[in-house]
Number of protein chains: 2
Amino acid sequence: MRRMTARPANAHQARLLRLLRDGGPNSRAQLGDQVDLSRSKLAVEVDRLLETELVVADGLAASRGGRRSHNIRLNPHLRLLGVDIGATSVDVAVTNAELEILGHINQPMDVRDGPVAVFEQVLAMAAKLRASGLAEGFDGAGIGVPGPVRFPEGIPVAPPIMPGWDGFPVREALSQDLGCPVMVDNDVNLMAMGEQHAGVARTVPDFLCVKIGTGIGCGIVVGGEVYRGTTGSAGDIGHIQAVPDGRPCACGNRGCLEAHFSGAALARDALEAAQQRLSAELASRLEANGTLSAADVAAAAAAGDATAIDLIREGGSRTGQVIAGLVSFFNPGLVVIGGGVTGLGHTLLAAIRTQVYRQSLPLATGNLPIVLGELGPTAGVIGAARLISDHLFSPA
Amino acid sequence: MRRMTARPANAHQARLLRLLRDGGPNSRAQLGDQVDLSRSKLAVEVDRLLETELVVADGLAASRGGRRSHNIRLNPHLRLLGVDIGATSVDVAVTNAELEILGHINQPMDVRDGPVAVFEQVLAMAAKLRASGLAEGFDGAGIGVPGPVRFPEGIPVAPPIMPGWDGFPVREALSQDLGCPVMVDNDVNLMAMGEQHAGVARTVPDFLCVKIGTGIGCGIVVGGEVYRGTTGSAGDIGHIQAVPDGRPCACGNRGCLEAHFSGAALARDALEAAQQRLSAELASRLEANGTLSAADVAAAAAAGDATAIDLIREGGSRTGQVIAGLVSFFNPGLVVIGGGVTGLGHTLLAAIRTQVYRQSLPLATGNLPIVLGELGPTAGVIGAARLISDHLFSPA
DNA sequence: CCCCTTTGTCCTGTGAGTGGAAAAAGTAGG
DNA sequence: CCTACTTTTTCCACTCACAGGACAAAGGGG
């Protein structure tokens, strides 16, 4: 199938496309209720969109008391690719233009193998999804990488955990390989966009999305838009000092949040606890697997292991302390906690909440929900699809 | 003189008014270079603005090689009132529509006397400025208060250092008394707007403006717009924990930045040092005045007093620590330090810089200027004038 | 005094957009 | 089945914003 390269011709069309993306199939009349255009103008723009084949007719809607209306919807053949590159695994998913996931693959991977090897794997995964009949091609792709990105160009800059990626033209290279438009962003920003589109943050204009995985990052949404900072490194909270003169961190400083709590730090702490025989549960897991990960700590905590629970509490408390500062500064309407360690669940959440509510002023925390992300591992890929759809659904 | 109540009729007119405000008198041709409108359209809108008397003709401009153009400028009779209410003093200034200060009064005051008493004083100061021939009336007024504000309504909310102000309808009350439109905002936000309009931040879209006065606050500018947060308390960084288990703070927590460094804390520390005879300089000043303030510490430091310099260094270091975290999080393009204690000057700035550059990642700090504000005590009133002019120069 | 450049005004054509009228397609009730 | 009332959709005439060319006005330089 020939891919659609059409783009909306004006802001009205872009607006309509986004409404259809976020609200699903809709009648002209319902669209009219939302856009403040005259019926005639609306009809004209819809007709033009139908001509571009970006939207198609979709049968009759239920009656609202009078004549039944003709529904229209985004072309169901449109396909977006969402790629979420983590430190140790990749998620690749195919969505339709309404950002519903049609297929999703997760595979282990190591970013440190460099962009060439990683994208080889990603392209293979995309080909696999295509081969399974979910898509005949892609109309656009969103890519998340675990480090700062110079957003307009789609190029990682000075990514600490991704040696070999600095300056690699991700956007251009993938656009070539996939033959479609590509946008690149920090994985945390994509998680925030995912939760904004389909998760807990649907109605909140200003919120923070803290992702605790191998590292720690924070997506910042201001007025419904992701804020990326001057050099694209906004939200890089892993290296905020959480413990004065604390543990040495890979970045050269001491006491960074990431050095005290993150997937990697947690695994290290668990290993130590197991070796020192502080926890039978962890020790037996170490013996069984030969290694320990954050997931083991989660499992041990779920089994009631006191040491594991303490580790999570301690880490949650550190994280909460940093978040408390950010809440005072940013005064968000919502804080979302997500990432690999959400398996730690409510123990972690409780520790974070305690610390934030204790340390921030009532005006900022009075009506501040702190919640776990709703989407889990799909937040990133949904966010990626949303990123590229925002690009496609903007005036050419 | 009758006050102008006209407002721009559309976005084009608003745009033109702002260009004239920020760029001073301009010819139609020069305006045309900046706004991307056809000459005819531009002429129409300018004519309409001339009709409203918001702008007036202003003679001929120099030739650019051909026919000389007729300049236009904002009506020089327009008068804006800028009010900056601090914890212990008020600044009131009159500006023209180009936000140039025509007259400026500063008086000591105590916010804790409550809004009624304070506004009585402010109105008297405004009357004094008017009586001196600077204005026959005001076309608008901007008010800064030292606490969080529910911005749309212009009402302070839960201000810690302003008991009695909570819920007081500042905007409405003053609008009545002055007979002109009024906008109210946090004093720190106004300082940021001031530095953005006429100070060091003219060209930077994303920056932080840290004001260290009686308390500590931070103005946040995102994409050229002040960010106020969900409840209007964004930038309230005085109660971020800077010292674990540190000094008790009035807010009920321990180790808040404000408890360790601010005008009030500095005065307390100086008093203690003087009483313990750690510093002859401070002791003699205490004897002379019966009390000590941040200004005394500044003077002592300037005179080379080691204890005073240490106090400033210590405080700057604490502040720098908190700012370092904010820089990692927000990745601004500039950090401006301002407020009453800028008298502490480069000793303070050096301490802050050292800490920030040491603790934040290179990508965020690599090209990050940290500078003192340019405008000193006029930043607040200029920002206040700018606030109301933004309001007046927006489509009705 | 002539030619070139810039500025400002006038005028007309085009296209966007509005809002009313009427047709089309329903539902509900008798 | 017919009628009255809704809602949706199309059609059309009218307004208005705006662009852009032609032209006049004003100045500089040779």
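Residues numbered from 1 in each chain as written. Chains lettered and ligands numbered in written order. Predicted model: local features only at pLDDT ≥ 70, side-chain atom pairs only at ≥ 80, totals over all residues. Heavy atoms only, no water.

Chemist: Sorry, what's going on with the overall build of chain A here?
Modeler: Along chain A, the regular secondary structure elements total 14 helices and 15 strands. Here the C-alpha radius of gyration of chain A, 23 Å, is about what a compact globule of 396 residues would show, namely 21 Å. Here chain A holds 396 residues, and the buried ones make up 57% of them. The long-range share in chain A, meaning contacts at least 24 apart out of those at least 6 apart in sequence, stands at 60%. For chain A, the computed accessible surface area is about 15900 Å², with 50% contributed by carbon and sulfur atoms. A distance of 6 Å separates the average location of the 33 positive side-chain charges in chain A from that of its 39 negative side-chain charges. (Helix = DSSP H or I, 4+ residues; strand = E, 2+ residues; numbered from the N terminus. Rg over C-alpha atoms; globule rule 2.2 N^0.38 Å. Buried < 20%, exposed > 50% of the residue type's maximum accessible area, 1.4 Å probe, protein only. Contact = heavy atoms within 4.5 Å. Areas by Shrake-Rupley, 256 points an atom, 1.4 Å probe, with all protein chains shown as cover. Lys, Arg positive; Asp, Glu negative; His and termini not counted. Charge placed at Lys NZ, Arg CZ, Asp CG, Glu CD.)

Chemist: How do you make sense of the protein's contact with DNA strand D when you look at a structure like this?
Modeler: What surrounds DNA strand D is a group of 19 residues, the closest being Arg64 and His70 of chain A together with Ser38, Ser40 and Lys41 of chain B. Each atom of DNA strand D within 4 Å of the protein belongs either to a base or to sugar and phosphate, the latter forming 65%. Taking Ala29 of chain A, its main chain carries an N or O atom lying 3.5 Å from a phosphate oxygen of DNA strand D. Here His70 of chain A contributes a backbone N or O atom positioned 2.7 Å from a phosphate oxygen of DNA strand D. Residue assignment for the surface near DNA strand D shows that the elements contributing at least two residues are helix H2 (28–35) and helix H3 (39–52) of chain A together with helix H3 (39–52) of chain B. Among the elements that make up the surface near DNA strand D, the one with the highest residue count is H3 of chain B (three residues). (Near = heavy atom within 4 Å. Polar contact = N/O pair within 3.5 Å; in protein donor to acceptor, adjacent residues only side chain to side chain.)

Chemist: Even after reading the chapter, I still don't get the relation of the copies chain B and chain A, so can you show me in this structure?
Modeler: Under the fitted operation, chain B is carried onto chain A by 0.1 Å of movement along the axis and a turn of 180 degrees, and the coordinates agree to an RMSD of 0.1 Å. Taken together, the rotation and translation describe the operation of a two-fold axis. Taking C-alpha positions as reference, the residue of chain B nearest the rotation axis is Leu326 of chain B, located at 3.8 Å. Most of the interface of chain B is mirrored in chain A, where 100% of its interface residues are also at the interface. (Least-squares fit on C-alpha atoms with pLDDT ≥ 70 in both.)

Chemist: Any chance you could explain the interface of chain B and chain A here in plain terms?
Modeler: Interface size is commonly expressed as the accessible surface area that is lost when the partners come together. Residue-level contacts link 38 residues of chain B with 38 residues of chain A. Each partner contributes to the roughly 3100 Å² buried at the junction of chain B and chain A, and carbon and sulfur atoms together form 61% of this total. Considering only the surface of chain B that becomes buried against chain A, Tyr227, Phe329 and Leu363 of chain B emerge as the three largest contributors, covering 25% of it. Linking chain B with chain A are zero salt bridges, by the criterion used here. Viewed at the interface, chain A and chain B are joined by 21 residue pairs in polar contact (both at pLDDT 80 or more). At the level of secondary structure, the elements contributing two or more residues to the side of chain B that touches chain A comprise strand E12 (216–222), helix H11 (306–330), helix H12 (345–359) and helix H13 (362–365) of chain B. Of all the elements, H11 of chain B adds the most residues to the side of chain B that touches chain A, at six residues. Among the residues forming the side of chain B that touches chain A, the class breakdown is 19 nonpolar, 15 polar and four charged. (Buried area = accessible area lost by both parts, 1.4 Å probe. Salt bridge = Lys/Arg side-chain N within 4 Å of Asp/Glu carboxyl O. Nonpolar A, V, L, I, M, F, W, Y, C, P; charged D, E, K, R; others polar.)

Chemist: In this structure, what is going on with the domain arrangement of chain A? I would like to understand it.
Modeler: Residues and elements named next belong to chain A. As far as domains go, chain A holds domain 1 (11–74), domain 2 (80–196 + 378–392) and domain 3 (202–372). The distance between the C-alpha centroids of domain 1 and domain 2 comes to 30 Å. Listed per partner, the contact involves eight residues of domain 1 and six residues of domain 2. Between domain 1 and domain 2 lies a buried interface of about 570 Å² when both sides are counted; carbon and sulfur atoms form 37% of it. Area buried by domain 1 at its contact with domain 2 is led by Arg18, Arg21 and Leu74, which between them contribute 75% of it. (Domains from an automatic or database assignment.)

Chemist: Explain the environment of Thr231 of chain B to me, please; I cannot follow it from the model alone.
Modeler: Looking at the secondary structure, you find Thr231 of chain B in the loop between strand E13 (225–226) and helix H7 (257–260). Take Thr231 of chain B: its relative accessible area is 27%, and that puts it in the partly exposed class. Residues Thr231 of chain B and Leu282 of chain B, spaced 51 residues apart in sequence, show a C-alpha to C-alpha distance of 41 Å. Apart from the residues within four sequence positions on either side, Thr231 of chain B is in contact with Asn331, Leu363 and Ala364 of chain A together with Val149 and Val157 of chain B. A distance of 3.0 Å separates a polar atom in the side chain of Thr231 of chain B from a polar atom in the side chain of Asn331 of chain A.

Chemist: Even after reading the chapter, I still don't get the protein's contact with DNA strand C, so can you show me in this structure?
Modeler: Around DNA strand C lies a shell of 18 residues, among which Ser38, Ser40 and Lys41 of chain A together with Arg64 and His70 of chain B are the nearest. The contact atoms of DNA strand C, taken as those within 4 Å of the protein, divide so that sugar and phosphate hold 62%. A distance of 3.1 Å is found between a phosphate oxygen of DNA strand C and a side-chain nitrogen or oxygen belonging to His12 of chain A. In this structure, Arg39 of chain A approaches DNA strand C through a side-chain N or O atom, which is 3.4 Å from a base nitrogen. Within the residue set of the surface near DNA strand C, elements represented by two or more residues are H3 of chain A together with helix H2 (28–35) and H3 of chain B. If one sorts the elements of the surface near DNA strand C by residue count, H3 of chain A sits on top with three residues. Of the residues in the surface near DNA strand C, the class split is one nonpolar, 10 polar and seven charged.

Chemist: What is the right way to look at the nonpolar core in this model?
Modeler: Soluble globular proteins tend to pack their nonpolar side chains together in the buried interior. Membership of the largest hydrophobic core comes to 99 residues, with the highest contact counts inside it found for Val210, Phe329 and Ile337 of chain A together with Val210, Phe329 and Ile337 of chain B. The biggest single contributor to this core is helix H11 (residues 306–330) of chain A, with 11 residues. Judged by nonpolar contacts, the second largest core, of 40 residues, contains Leu16, Ala192, Cys209 and Leu334 of chain B. (Core = buried A, V, L, I, M, F, W, Y, C linked by side-chain atoms within 4.5 Å.)

Chemist: Mind showing me how you'd approach the sheet that holds strand E14 (residues 335–338) of chain B here?
Modeler: Hydrogen bonds between backbone groups are what pair the strands of a sheet, and the pairing can be parallel or antiparallel. All names here are of chain B. Taken in spatial order, the five strands make up an open sheet running E13-E12-E11-E14-E15, and their pairing is mixed. With one partner strand each, in any of the chains shown, E13 and strand E15 (370–372) form the two edges of the open sheet. Direction of pairing for strand E11 (residues 207–212) relative to E12: antiparallel, over a ladder of six bridges. The residue bridging Ile212 from the neighbouring strand is Ile216, located in E12. The strands that H11 touches are E11, E12 and E14; relative to E11, the one it contacts most, it runs at about 160 degrees. (Pairing = 2+ DSSP bridges. Axes fitted to C-alpha atoms, helices over the stretch in contact; angles between N-to-C directions.)

Chemist: When you look at the sheet that holds strand E1 (residues 26–27) of chain A in this model, what are you seeing that I'm missing?
Modeler: Residue and element names in this part refer to chain A. Spatially, the three strands line up as an open sheet ordered E1-E3-E2, and their pairing is antiparallel. Where the open sheet ends on each side, the last strands, each with one partner, are E1 and strand E2 (55–60). Strand direction decides the pairing type here: E2 and strand E3 (residues 70–74), joined by four bridges, are antiparallel. Residue Val55 lies in a different strand from E3, and its bridge partner there is Leu74. Packed onto the sheet, helix H1 (residues 11–23) meets E1, E2 and E3 and runs at close to 90 degrees relative to E3.

Chemist: How should the packing of H1 of chain A against H3 of chain A be read in this particular structure?
Modeler: All names here are of chain A. It is the contact of H1 with H3, at a shortest axis distance of 10 Å, that shows an interaxial angle of 75 degrees. Classed by the angle they form, the pair H1 and H3 counts as roughly perpendicular. Contacts from His12, Gln13, Leu16 and Leu17 in H1 reach Lys41, Leu42, Glu45, Val46, Arg48 and Leu49 in H3. Tallied by class, the residues present in the contact of H1 with H3 amount to five nonpolar, two polar and three charged. (Parallel < 35°, antiparallel > 145°, perpendicular 65-115°, else oblique.)

Chemist: Explain unusual backbone geometry here, please?
Modeler: Glycine aside, residues mostly have negative phi, and peptide bonds are mostly found in the trans state. One non-glycine residue, Asp245 of chain A, adopts positive backbone phi at about 55 degrees. Along the chain, the position of Asp245 of chain A falls in the loop between strand E13 (225–226) and helix H7 (257–260). Classification of Asp245 of chain A by relative accessible area gives exposed; the value is 68%. Here the phi dihedral of Arg277 of chain B falls at roughly 60 degrees; this positive angle occurs in a residue that is not glycine. In this fold, Arg277 of chain B is placed in the loop between helix H8 (263–275) and helix H9 (280–289). The exposure class assigned to Arg277 of chain B is exposed, which follows from its relative accessible area of 62%.

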